[in-house]
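Observations on chain architecture
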Amino acid sequence: MGKSKTKNQKKSRATANHVAEQIYGAVPHSFVFHRGQIGKNVGQLILDVRRVMEPYTAESLKVKKKNVLKDFVAIAGPLGVTHFMIFSKTTSSINMRLARLPKGPMLHFRVLKYSLIKDVVSSLKKHRMHEQQFTHHPLLILNNFGSDGMHIKLMATMFQNMFPSINVQKVSLNNIKRCVLLNYNPASQEIEFRHYSLKVVPVGMSRGVKKLMQEKFPNMSKFEDISELLMKGANLSESEAEQDGEHNITELPQVYSGRGNMASQQSAVRLTEIGPRMTLQLTKIQEGMGEGNVLYHALVSKTEEEIQEILNRKEAQLKEKEDRRKKQARNVAQKKEKREEHKKNSLEGIKRKHAEAEEDSEVEDPGMQDDQEVVAESDDEVEYYRQAVGLEPDEDMFPSAKKRRSSEKSHGPAKKRKLSRKDSDTKSPKRNGPGGQHRDKMGKGWKKSGDREKAFGKKMNPGGKTFRGKKPGDRENKFGGKKKFEGKKTFGGKKNKDKTFKSKGQKGKPGFKKGAGAKQGFKQRKGKG
């Protein structure tokens, strides 16, 4: 395990991060994107321009069709974006807009010619481009931007503010690996955009010594002595040793990365183009984010009177817009007041309705009261009729009283009538014998005393008998079963017409007498026997 950081180390690290954040927030940032339909080549050109603007640009900015310019402006503030480079394509040309946030101005350029990074690199015999070059911002070089003209100065200022400024006294030369050149041609009014990779090599030595200073050691198989390499520099191609002159030789103030680049020594600065390449032409300059007055137009020129008329018309439009905004604000306030008033009236109406409903609920129902009085009067009339006449009134005489009695009966529980022992004996005669049977109260059939009462119409359990069920082949028997005669009975003795059959039941109970038909049938059977 490594040692834990001390308090001083943590404090110094936090301070360094804070300074880095301040420096990062102070430098300009940019968005490079497109608007509308573009082709494949223009899309690749946008990616190459993002490569030039690294590291202070959005490398993977995603743009959707539904996005508008206001969306980018809204998100640019929190992210600290200061410049927009917007590419668009028409049927006749490719355009580029350079805008300063948040209030402009906006410069409109026409892209006359362009070349991509892959095209530039493929045309070179030796190219020098690696990832370490894009860790720092490029050095901006402006050429021929000192001519007279408001639009020229404004262009120079816009290009300068797109890249971080450099303090000559504090800058580190090792951080400068690239440069962007903008050359203005006053005759054609065109701007050449170039992107170069920067390399510094020592001067004042032969080509052989320079070869020894490089990483790759030269081939010395054909030399007899190393002095031949240092003096003659044989077996070296002309492309490996570029011609240096006064135009690119300078004295280094600092030690620069690379072999032989020492301070206060002569070194040559070499540029290798890495692309992209563009030729731009300024068309117009406009105030704001493309919505303000036109400050400069390359193709249209106007007099002072026309410019004043345009300004007056613009002021009138702004005034009309302000009046509409005020009128709309008044209308919104009036609608809000009406809604509040309507809401207040609605709440008052609801409260009043609830109060009336509560008052109505406290009063008795007059309909029920009238019905009760009618019933009471009908009962009094029936009683009066009984006392006066001495007889019960007819059913049709007082229909209201009849309805009253029927409703009371229907609502009240039905009570079973208890029969006395005498009534039960007279109304439900039994046969003598232990298996005696009796008729039920309704008189619709006989049931055995040992059976339990079953609900009418319900089926019994499987194997049982249904109510009043009969077996096939059984004769109809009024008494519901076979007759059993017990006791001593003679059939050949004296004929006694008054003889009755008595069961072994309780004494004193009347038995069943035989009818005439039964007696006659008995005689026939007796005679045959």
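Along every chain, residues carry numbers that run from 1 in the direction the sequence is written. Local features are withheld for residues below a pLDDT of 70 in this predicted model, meaning they are given only at 70 or higher, and side-chain atom pairs are given and counted only at 80 or more; totals for whole chains, interfaces and linings count all residues. Note that the side-chain values use all heavy atoms of the structure and ignore hydrogens as well as water.

Side note on the overall build of the protein
Threshold: Under the DSSP-based scheme used, a helix requires at least four consecutive residues in state H or I and a strand at least two consecutive residues in state E, with every element numbered from the N terminus. Residue exposure (1.4 Å probe, protein chains only): buried if accessible area is under 20% of the type maximum, exposed if over 50%, otherwise partly exposed.
Each helix and strand counted, the protein has 12 helices and 13 strands in total. For the protein, the residues scored as buried account for 23% of the 529 residues in total.

A word on unusual backbone geometry
Looking along the chain, the bond that leaves leucine 101 and enters proline 102 is cis, with omega of 0 degrees. Here the residue pair glycine 275 and proline 276 is connected by a cis peptide bond, since its omega of 5 degrees sits within 30 degrees of zero. Summarising the element assignment, proline 276 is placed in the loop between strand E9 (266–273) and strand E10 (277–286). The residue asparagine 144 is not glycine, and still its phi comes out positive at about 65 degrees. With respect to the secondary-structure elements, asparagine 144 resides in the loop between strand E5 (139–143) and helix H5 (150–162). The backbone of glutamine 189 shows a phi angle near 55 degrees, a positive value even though the residue is not glycine. Structurally, glutamine 189 is set in the loop between strand E6 (178–185) and strand E7 (190–202). Taking the relative accessible area as the measure of exposure, glutamine 189 reaches 38% and is therefore partly exposed.

Looking at the environment of valine 180
Note the cut-off: By definition, residues are in contact when any of their heavy atoms lie within 4.5 Å.
Note on placement: valine 180 falls in strand E6. With relative accessibility at 1%, the residue valine 180 sits in the buried group. When the C-alpha positions of valine 180 and phenylalanine 193 are compared, they lie 7.4 Å apart, and in sequence the two are 13 residues distant. Setting aside its immediate chain neighbours within four residues, valine 180 contacts Val52, Pro138, Leu139, Leu140, Ile141, Phe163, Phe193, Arg194 and His195.

Focus: the pairing of E9
For the record, the criterion: Should DSSP find at least two bridges between two strands, the strands are taken to pair.
Both E7 and E9 contribute to a ladder of 7 bridges, which runs antiparallel. Each bridged residue has a counterpart across the sheet, and for lysine 199 the counterpart in E9 is arginine 270. Here strand E8 (residues 249–251) runs beside E9; their pairing, made up of 3 bridges, is antiparallel. What sits directly across from glutamate 251, in E9, is glutamine 266.

Considerations on the side chain of histidine 29
Its place among the elements puts histidine 29 in the loop between helix H1 (7–26) and strand E1 (30–34). Among the residues examined, histidine 29 registers a relative accessible area of 8% and is labelled buried. Setting aside anything within four residues of it in sequence, one finds histidine 29 in contact with Tyr24, Tyr56, Gly80, Val81, Thr82 and His83.

Here's the deal with the pattern of salt bridges
Using the following cut-off: For this document, the term salt bridge refers to a Lys or Arg side-chain nitrogen within 4 Å of an Asp or Glu carboxyl oxygen.
If you walk through the whole model with that rule in mind, you get 9 salt bridges. Residue glutamate 273 is joined to arginine 277 by a salt bridge in which the shortest nitrogen-to-oxygen separation is 2.7 Å. Judged by relative accessible area, arginine 277 falls into the partly exposed class, the value being 29%. Of the charged contacts in the structure, one is a salt bridge between arginine 324 and glutamate 320, with a shortest N-O distance of 3.4 Å. Here arginine 324 and its partner glutamate 320 are both found in helix H8 (residues 304–362), 4 residues apart, which amounts to about one turn of the helix. Classification of glutamate 320 by relative accessible area gives partly exposed; the value is 45%. A single network of salt bridges, built from pairs that share partners, joins Glu192, Arg194, Glu273 and Arg277.

Some details on the environment of proline 102
Following the sequence through the fold, proline 102 ends up in the loop between strand E3 (94–100) and strand E4 (106–115). Proline 102 sits 19 residues away from histidine 83 along the chain, and the two C-alpha atoms are 8.7 Å apart.

Section: the UniProt feature "transmembrane region" (unreviewed entry) in the protein
Using the following cut-off: UniProt positions are given in the numbering used here, feature names are shortened, and annotations may be inferred rather than shown by experiment.
When the UniProt feature table is mapped to this numbering, "transmembrane region" (unreviewed entry) covers residues 68–87. Secondary structure content for residues 68–87 is 55% helix and 25% strand, while the C-alpha to C-alpha distance between its ends is 14 Å.

Here we look at a positive patch on the surface
Selection rule: Patch construction takes residues with relative accessible area above 30% that form no salt bridge. Like charges are linked within 9 Å, and nonpolar side chains (Val, Leu, Ile, Met, Phe, Trp, Tyr) are linked within 5 Å. To be clear on the numbers: accessible area is Shrake-Rupley with a 1.4 Å probe, and residue cover counts the displayed protein chains and nothing else. Positive charges come from Lys and Arg, negative ones from Asp and Glu, while His and the chain ends are left out of the count. A charged residue contributes its charge at one atom only: NZ of Lys, CZ of Arg, CG of Asp or CD of Glu.
A surface patch of positive charge is lined by Lys335, Lys336, Lys338 and Arg339. Relative to the elements of secondary structure, lysine 335 occurs in helix H8.

With respect to H5
To keep things clear, this is the line we draw: To estimate the expected span of a helix, count its residues, drop one, and scale the result by 1.5 Å. Taking the helix axis as origin, the arc is that swept by the directions to the C-beta atoms.
When the terminal C-alpha atoms of H5 are compared, their 19 Å separation across 13 residues agrees well with the 18 Å that a helix rising 1.5 Å per residue should span. Taken as a whole, H5 has its buried residues at His151, Ile152, Met155, Ala156, Met158, Phe159 and Met162. Buried residues of H5, seen end-on, are gathered within an arc of 165 degrees and therefore sit on one face of the element.

A few points about the side chain of glutamate 273
Here is the rule: Counted as a polar contact is a pair of N or O atoms within 3.5 Å, where, for protein atoms, one must be capable of donating a hydrogen and the other of accepting one, and residues adjacent in sequence contribute only when both atoms are in side chains.
Along the chain, glutamate 273 turns up in strand E9. A polar contact of 2.7 Å, which involves the side chain of glutamate 273, links it to the side chain of arginine 277. Excluding residues that lie within four positions of it along the chain, glutamate 273 makes contacts with Val120, Leu124, Arg194, His195 and Tyr196.

Section: the pairing of E1
Of all 5 residues that make up E1, 4 are buried, and the element is covered over most of its length. As defined by bridge partners, E1 adjoins strand E2 (residues 83–89) across 5 bridges and the pair is classed as parallel. Bridged to serine 30 within E2 is histidine 83.

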